[in-house]
Every structure is written in C-alpha cells, then in structure tokens.
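An overview of the molecular structure
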Amino acid sequence: MDCNLRPYQEEVVQAALRGENSIIWLPTGGGKTRAAVYVTKKHLETTANAKVAVLVNKVHLVDQHFAKEFKPNLGSTYKITAISGDSNEKDLFGCLVKASDLVICTAQILENALINIEEEKHVELTDFTLLVIDECHHTQKESVYNKIMGRYVEKKVRKEGNLPQILGLTASPGTGGNRQLDKAVEHVLQICANLDSVIVSTKNFTPVLQKVVPRPKKQYDIVEKRALDPFGDHLKAMMLMIHEFMPSTVSRSLREMGTQEYEADVVELEKAGVKKENRLIAQCALHLRQYNDALLINDTVRMVDAFRGLDEFYNSRKTKLLDGTDLFLQGLFDENRVELKQLTSNARYENPKLARLQCTLQEEFNDENSRAILFSKTRRGTHCANHMTQVLSHKKAIIFSTSYLCLKGILNLLISTSVAEEGLDIPECNLVVRYGLLTNEIAQQQASGRARAVNSVYSVVAEEGGCEIRRELTNEYLESLTAKAIDQVQQMSPREFRRKISELQQIAVMIRIQAEKKKDEREQRYSPGQVQFQCRGCFLPVCSGADLRKIENTHHVNINPEFERHYRAGGQVVLEKSFEDWEPGRVISCRNCGKEWGMEIKFRRVVIVPCLKIKSFSLKTPGGKTTPKQWKDVEFQVKEFDFLKDMSSRFPNLDLDD
C-alpha cells in the first residue's frame with residue numbers, strides 16, 4: 001500500500017495507532033477515509049485475529065469505500081467483503097464476517113445481525129477488533145449508529161471485555177442546534193461519550209490542511225421579493241375557502257400559509273380529525289397540506305411545477321369521492337383549475353430566483369471545463385430544477401440525481417437532494433449552489449466542502465430578507481461555535497474528560513434500560529385481538545392486530561385471507577434492488593375510498609401477502625384512537641411470521657407434509 005499520508009493526516013491517526021478510541025475531525029476533502037485505511041492496515045498487521053468492520057450510513061457509500069479506498073489499498077493482502085441492503089449475501093452476514101478480514105457494510109446490516117438469533121446471520125460486537133464509523137456525528141438519539149454503540153457502551157459500563165477499538169470519522173459534529181458555547185460543548189462531549197472516544201484534529205499542520213482543502217468563496221445571489229404573485233394569492237384564497245368550510249375554531253389555530261409551520265399545523269390537524277373520526281377535518285387538513293406544498297414549490301421553482309403537483313393529486317382522486325367533503329374539495333379545485341393553469345403561463349409573475357439561478361450557472365459554464373452541483377430540498381425540487389436548467393443543455397451535460405452518481409468526464413452539473421452532501425466522492429467542483437434549502441450547520445458544511453477546486457464558489461440563491469439567508473448566517477455562526485466547542489473539549493485534562501464521559505455513559509445506559517422497559521410495556525399494553533385497524537381515509541374497520549405478522553422484523557403483513565376483500569390491487573411495484581426471500585407485487589389501496597395501503601409481496605415464491613404501511617391506518621384500542629407514525633409505536637406485539645404454521649392456517653387444505 002502506498003501510504004503517503006499528509007502531515008496533518010499522520011497527526012490525527014496517532015491516537016488510533018496507539019489503540020485508543022478516537023474521532024478524526026477533518027473537513028470534507030481532507031482525506032478522512034484514507035487515514036482510516038492507514039489505521040486499518042496497521043491494525044490488521046499488528047493485532048492477533050484482527051477483524052475490522054467499516055460502517056456507513058448510506059448504501060452507495062459501501063461500494064464507494066470498497067472500490068475507491070479499501071480494495072485498491074488492502075485487497076491484495078486481505079479478504080474484503082462489501083455488504084449492503086442491496087446485497088443478496090446480507091442474510092449470511094455471520095458467515096461472511098467469519099470468512100473475511102474486513103467487512104464494509106451499512107450500519108443497519110450490522111444492527112440486524114446483532115439482534116438476529118440464527119447462527120449464520122448473527123454476530124457479536126466482540127467478533128470485531130476494530131469498528132470504523134463513517135459520518136460518526138450521526139451517533140446520537142435514535143440513529144442506528146447509536147443503537148450499535150449503545151450496546152457497546154453498556155458492555156463497557158458493565159466491564160465486559162474484548163470490545164473492539166473505535167475509529168470515528170466526521171467533518172462536523174455540529175452543536176446539536178445549541179447556540180451557547182457551554183451547550184455546544186455538552187453536545188460534543190455527548191458524541192464522544194456515545195462513541196467512547198476522544199476527538200482529534202490537526203494542531204500543528206493547519207496551514208497544510210488549508211492549502212489542501214481551500215475554502216470556497218461564498219456569495220449570496222440575492223433577488224428581490226416577487227412584486228406580484230397572483231398564482232400564490234389564488235392558492236391562498238382557495239385555502240381560505242377550505243378554512244371557512246371547517247369549524248371556525250379549527251382554522252383560527254393555523255399559522256401563516258406557505259410556511260413549514262403551517263405544514264406542521266395541518267399534519268397535527270389531520271391526526272386530530274382521524275382520532276375524532278371527523279372526516280371533514282381530516283380530509284380538509286390533507287388537502288390543505290397539498291396546497292401548502294404547492295405554495296412552497298411556487299416559492300422555490302416554477303408556478304407550473306406547483307400546479308402540476310396539485311393537478312396530479314386531484315386527478316388521482318376523481319373516481320374516489322365518498323361524501324360531501326370530497327365533493328366540495330374536488331369541486332373547488334375543478335372550478336379553479338383553468339384559471340390556475342392560465343396564471344402559470346404568465347412569465348411576468350415567474351419566480352425571480354429562477355432567473356438568478358440561471359445567471360449563476362450561465363456565468364460558471366462560460367468555462368467549458370467547469371463542474372457544478374446544485375442542491376435542492378426535495379426530489380420534486382430536483383426534477384423541477386432539472387427541467388428549468390435544460391436551457392443550458394446545449395452547452396453542458398446535465399444530470400438529475402437523488403441517488404449515488406459520480407461526476408465523471410461527460411457530466412458536469414449534478415442536481416441533487418442532500419444525498420450528495422455527505423460522504424460522496426465527487427470530483428473537484430468549481431461551483432456549489434444551495435437553492436431553497438433550510439438545513440443545519442452540518443449539512444451546510446458538507447455542501448460547502450464539495451466546492452474543492454481552486455477559486456471555487458459556494459452560492460446561496462435566496463430571496464432578500466428570506467428565511468434561507470437567516471438560516472445560512474445562523475449556520476455560519478454555529479460552524480464557528482462547533483470549532484470552539486471542540487477546542488474546549490480537547491483542552492480538558494484527560495482525567496476530567498474521562499470523568500465526564502463516564503458520567504454521560506452511565507446516564508445513557510440507564511436511559512437505554514428504561515427505554516427498553518417502556519418499549520416492552522408499550523408492546524404488551526394490549527393483546528393483538530384488542531386492536532382494530534381502520535382505513536385512515538374513510539375509517540372503515542379492515543382487520544385486527546391478530547391478523548398481522550412481521551417478516552425479517554421489518555415487513556408487516558396481513559395473513560388473514562378475508563383481508564383481500566377490503567382492498568383493490570393496482571399497478572406493479574418496481575424496486576431497483578432484489579431480495580432473497582421476497583419480491584414486490586402490486587400496489588394495494590382501500591376498496592372504499594382509494595387510500596393507498598402498501599403493496600402485495602410474494603414471499604419465498606410461494607404465497608402473496610399484503611404488506612401494510614402503518615401511516616395508512618388509524619388504530620382503535622381500548623384506550624382510544626391512535627395514529628402511529630412507525631410500526632415500532634404500536635401498542636401490541638406483532639408476532640414473527642412462521643411460514644409453515646401461518647400458511648397452514650391460510651390454506652387449510654394444503655398438505656405441507658407431502
């Protein structure tokens with residue numbers, strides 16, 4: 001292996017080479033992964049029965065780390081295996097770990113293996129001698145990284161031995177949203193406690209690092225607020241008509257239209273309507289969210305994009321009108337559809353941010369060798385931006401992406417959601433544009449770090465006085481606060497640091513034990529037969545909790561053949577990846593109101609069962625109605641799917657002994 005580490009890389013790996021748990025803090029482009037490869041090599045060379053796992057938080061990073069760093073540098077000497085949710089081999093994880101010196105996998109794969117009791121799938125943390133955790137600032141709260149490290153810390157507190165060494169990698173631990181230095185210090189200490197690690201950065205070679213990773217020039221491409229917005233005003237007038245259709249006490253509680261706060265309000269309003277079985281309120285809230293989404297899109301990209309989203313929504317509902325509420329809401333849109341469409345064609349009222357964005361890109365692409373990344377908030381936003389930038393296509397190739405795509409010679413504009421902000425190895429960019437984004441300081445630093453070319457530019461296209469500028473300025477402050485907090489943690493005496501970390505870890509273990517106890521209590525609150533599932537769209541009772549089973553602790557299926565009479569099957573679901581035990585079938589939706597419920601899955605090529613989305617249902621329990629957001633929130637225990645037992649009850653005439 002050619003391991004010519006830069007001086008600052010040599011400095012930050014010293015703690016790891018001594019066998020200490022450590023977090024390497026270097027900016028995006030600073031070579032954290034190369035430093036991790038070096039530590040891994042030394043560890044494999046010097047540790048008896050060494051076994052290394054490199055954990056990443058996104059599927060595409062598995063292949064990237066394998067192909068670009070670990071295999072080229074270590075593959076000739078050591079057995080390396082890359083495993084992700086896309087890998088058919090993931091179900092033999094335990095066997096693969098035994099047969100490999102180094103595994104690179106998503107954290108969820110390791111988590112699944114830690115809780116799986118089947119020998120060929122199961123592993124223990126003590127099977128490894130080194131865990132490398134990429135983007136380790138995610139090791140907090142309910143993240144899968146923290147679930148893994150929660151077990152680690154508990155074993156440490158209980159003084160169980162043979163735990164692996166930890167090496168974390170991050171460009172920014174962040175401040176946890178805190179704006180005071182003491183709170184930011186607490187956040188950094190908590191990350192260190194969660195990873196049982198010190199945090200290291202270069203102290204002696206900062207000028208070298210700054211030369212290798214130059215900071216881009218930041219520019220605010222500001223536009224004046226739209227003088228007139230008749231399309232947005234018309235949407236708001238329609239929303240007011242829906243407000244008037246609802247009880248006055250309800251609409252008075254809603255905040256300003258076209259904001260994230262309004263979206264949060266109508267989400268809660270829909271839940272309240274469902275719990276009261278008040279379909280008028282629940283449906284009005286759902287439709288108001290669609291209009292609010294349209295306002296947000298209108299503020300970010302084109303009027304026609306906002307209109308198209310609404311048009312698709314109402315077209316999909318035309319044949320599923322149940323009552324007077326549906327007739328009113330559908331009629332309101334149908335009556336205003338032509339006028340809305342006409343307003344979208346008037347260029348005088350188009351979003352001024354689009355013109356500013358086009359100018360920014362046009363200026364950059366005067367140089368034929370330029371490369372740029374445009375970050376937008378949502379998948380829909382990236383689609384819209386892609387349409388909008390087609391005016392440049394005669395000059396440069398354009399690509400839209402919400403998944404891993406590396407800019408190679410033929411491509412020089414990547415339009416992406418935040419997936420490309422973190423971890424992806426993208427060639428040096430001359431321009432990074434953040435468009436319509438409200439994110440934290442970590443995401444901002446990650447995005448800024450993608451502009452790695454000499455004299456590169458980091459552009460924020462925003463409306464004058466808008467919330468994007470306020471957030472960017474706040475994030476700049478929080479970025480500097482993060483550095484101060486890390487410096488303060490590094491200046492603590494080793495004794496004081498260890499005391500504080502130990503205290504935080506003991507608290508975390510107690511909280512974890514209490515959370516497990518509460519989870520067990522929640523799952524035992526009701527028997528499955530006491531819980532009735534109702535369609536969230538029309539409140540029709542469709543099944544009991546006793547009808548449900550879970551496959552691979554993930555897929556929740558209904559094994560009662562009577563359930564089929566409640567749903568209608570639609571188009572075939574197509575997924576990019578394949579699975580060992582099942583394949584996707586058709587979309588399923590409520591036969592009564594058309595609410596989408598999930599999809600059919602074909603399990604073991606034998607039986608087709610409906611797989612349900614919990615957000616499509618409300619649950620009626622002895623304690624009242626609930627609207628769980630995730631399956632883990634349900635208040636009864638879903639049994640594991642037993643193929644022979646459950647299928648024999650589903651097909652009583654099938655002789656499984658033949």
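Residues numbered from 1 in each chain as written. Predicted model: local features only at pLDDT ≥ 70, side-chain atom pairs only at ≥ 80, totals over all residues. Heavy atoms only, no water.

Basically, it comes down to this: UniProt positions are given in the numbering used here, feature names are shortened, and annotations may be inferred rather than shown by experiment.
Labelled according to an unreviewed UniProt entry, the protein appears under the name RNA helicase, originating from Sinocyclocheilus anshuiensis. Reading the Catalytic activity (unreviewed entry) entry of the UniProt record for the protein gives the comment "ATP + H2O = ADP + phosphate + H(+)".

**Some points on the overall build of the protein**
This is how the line gets drawn: Every helix listed is a DSSP run of H or I at least four residues long, and every strand listed is a run of E at least two residues long, numbered separately from the N terminus. Only C-alpha atoms enter the radius of gyration; for comparison, a globular chain is expected to reach 2.2 Å times N to the power 0.38, where N is the number of residues. Contacts: residue pairs with any heavy atoms within 4.5 Å of one another. To measure how exposed things are, a 1.4 Å probe is used in the Shrake-Rupley method; for residues, cover is taken only from the protein chains shown. Asp and Glu count as negative and Lys and Arg as positive, but His and the ends of the chain are not part of the count. To locate a charge, take NZ of a lysine, CZ of an arginine, CG of an aspartate or CD of a glutamate.
Counting its regular elements, the protein contains 21 helices and 24 strands. The C-alpha radius of gyration of the protein comes to 27 Å, within 12% of the 26 Å expected for a compact globule of 658 residues. The principal-axis extent of the C-alpha atoms belonging to the protein is close to 75 × 70 × 45 Å. When contacts within the protein are restricted to residue pairs at least 6 apart in sequence, those whose partners lie at least 24 apart make up 69%. Accessible surface for the protein amounts to roughly 30,900 Å². Of this, 49% is attributable to carbon and sulfur atoms. Across the protein, the mean location of the 92 positive side-chain charges is 2 Å away from that of the 88 negative side-chain charges.

**With respect to the nonpolar core**
This is how it is decided: What makes a nonpolar core is a set of buried Ala, Val, Leu, Ile, Met, Phe, Trp, Tyr and Cys residues whose side-chain atoms join them at distances within 4.5 Å. Relative accessibility thresholds used throughout: buried, under 20% of the residue-type maximum; exposed, over 50%; partly exposed, between the two (1.4 Å probe, protein chains only).
Among the nonpolar cores identified, the biggest contains 46 residues, and Phe-231, Leu-235, Leu-288, Tyr-291 and Phe-333 are the most heavily contacted of them. Residue contributions to this core peak at eight residues, all from helix H13 (residues 279-300). Among all residues touching Phe-231, those that are not within four sequence positions of it are Asn-298, Met-303, Ala-306, Phe-307, Leu-340, Leu-343 and Thr-344. Grouped together as the second largest cluster of nonpolar side chains are 43 residues, Trp-25, Ile-148, Ile-199 and Ile-486 included.

**Focus: the pairing of strand S6 (residues 165-170)**
Definition in use: At least two bridges found by DSSP between two strands are what make those strands a pair. When the strands point away from the viewer and the connection leading from the first strand across the helix to the second strand turns clockwise, the crossover is called right-handed.
Burial runs high along S6: six of the six residues are buried. Going residue by residue along S6, you find Gln-165, Leu-167 and Leu-169 tucked away on one face and Ile-166, Gly-168 and Thr-170 tucked away on the opposite face as well. When strand S5 (residues 130-133) meets S6, the two strands line up parallel, connected through four bridges. Looking at the pairing, Leu-130 lines up with Gln-165 of S6. At this point the chain moves from S5, through helix H7 (residues 144-157), to the parallel S6, and the crossover so formed is right-handed.

**Things to note about the packing of helix H10 (residues 230-245) against H13**
For clarity, the cut-off: Only C-alpha atoms enter the line fits that serve as axes; for helices the fit covers just the stretch in contact. Angles between N-to-C directions range over 0 to 180 degrees. Here the angle decides the label: under 35 degrees means roughly parallel, over 145 means roughly antiparallel, 65 to 115 means roughly perpendicular, and every other value means oblique. Residues are grouped as follows: Ala, Val, Leu, Ile, Met, Phe, Trp, Tyr, Cys and Pro are nonpolar; Asp, Glu, Lys and Arg are charged; every other residue, Gly included, is polar.
The N-to-C vectors of H10 and H13 enclose an angle of 170°; their axes lie 10 Å apart at closest approach. By the angle between their axes, H10 is roughly antiparallel relative to H13. Of the residues in H13, those in contact with Phe-231, Gly-232, Leu-235, Lys-236, Met-238, Met-239, Ile-242, His-243 and Phe-245 of H10 are Leu-280, Cys-284, Leu-288, Tyr-291, Asn-292, Ala-294, Leu-295 and Asn-298. Of the residues belonging to the contact of H10 with H13, the class tally is twelve nonpolar, four polar and one charged.

**Description of the pairing of strand S21 (residues 607-612)**
Within S21, five of the six residues are buried, leaving the element largely enclosed by the surrounding structure. Here strand S20 (residues 596-603) runs beside S21; their pairing, made up of six bridges, is antiparallel. If you follow Lys-602 over to S21, its bridge partner there is Ile-608. Between the end of S20 and the start of S21, which pair antiparallel, lie three residues, with Arg-604 showing a positive phi angle near 50°.

**Observations concerning H7**
Heads up, the condition is: Here the expected span of a helix is defined as 1.5 Å times the quantity of residues minus one.
Between its first and last C-alpha, H7 extends 20 Å over 14 residues, near the 20 Å set by a 1.5 Å rise per residue. Along H7, the positions that sit buried rather than exposed are Tyr-145, Asn-146, Ile-148, Met-149, Gly-150, Arg-151, Tyr-152, Val-153 and Glu-154. Buried-residue contacts for H7 involve strand S2 (52-56), helix H6 (107-115), S5, S6, helix H8 (181-195) and helix H20 (494-523). Phi turns positive, to about 60°, at Lys-159, one or two residues after H7.

**Some remarks on the domain arrangement of the protein**
Many analyses report the size of an interface as the accessible area lost when the parts associate. Test applied: Each domain span listed reflects an automatic or database assignment of domains.
Once the domains are mapped, the protein shows domain 1 (7-211 + 500-508), domain 2 (216-224 + 352-486), domain 3 (230-349) and domain 4 (528-650). Between the C-alpha centres of domain 1 and domain 4 the distance comes to 36 Å.

**What about helix H3 (residues 32-46)?**
Its 15 residues place the ends of H3 21 Å apart at the C-alpha level, agreeing with the 21 Å of an ideal helix rising 1.5 Å per residue. With eleven of 15 residues buried, H3 lies mostly within the body of the structure. Those residues of H3 that sit buried are Lys-32, Thr-33, Ala-35, Ala-36, Val-37, Tyr-38, Val-39, Thr-40, Lys-41, His-43 and Leu-44.

**Points about the packing of aromatic side chains**
Using the following cut-off: Note on ring pairs: Phe, Tyr and Trp rings are taken, using the six-membered ring of Trp, and paired if centres are within 6.5 Å. Classes follow the plane angle, with under 30 degrees stacked, over 60 edge-to-face and the rest tilted.
Tallied over the entire structure, the rule returns 14 aromatic pairs. Both rings, one in Phe-245 and one in Phe-328, keep their centres 4.0 Å apart while their planes meet at 10°; by these two values the pair is stacked. Residue Phe-245 is located in helix H10, and its partner Phe-328 is located in helix H15 (residues 324-344); the two are separated by 83 residues in the primary sequence. On the basis of relative accessibility, which here comes to 30%, the residue Phe-245 falls in the partly exposed class. Judged by centre distance (4.5 Å) and plane angle (10°), the ring pair of Tyr-314 and Phe-333 falls under stacked. Pair noted here: Tyr-314 is in helix H14 (residues 303-315) and Phe-333 is in helix H15, with a separation of 19 residues, a long-range link. Each member of the pair, Tyr-314 together with Phe-333, is buried.

**Quick notes on unusual backbone geometry**
Not every positive phi belongs to a glycine, and Asn-49 is a case in point at roughly 50°. Relative to the helices and strands, Asn-49 is located in the loop between H3 and S2. With a relative accessible area of 75%, Asn-49 lands in the exposed category. Within the chain, Glu-277 stands out as a residue other than glycine whose phi angle is a positive 55°. Assignment of secondary structure puts Glu-277 in the loop between helix H12 (260-275) and H13. Overall, Glu-277 belongs to the partly exposed group, its relative accessible area being 34%.

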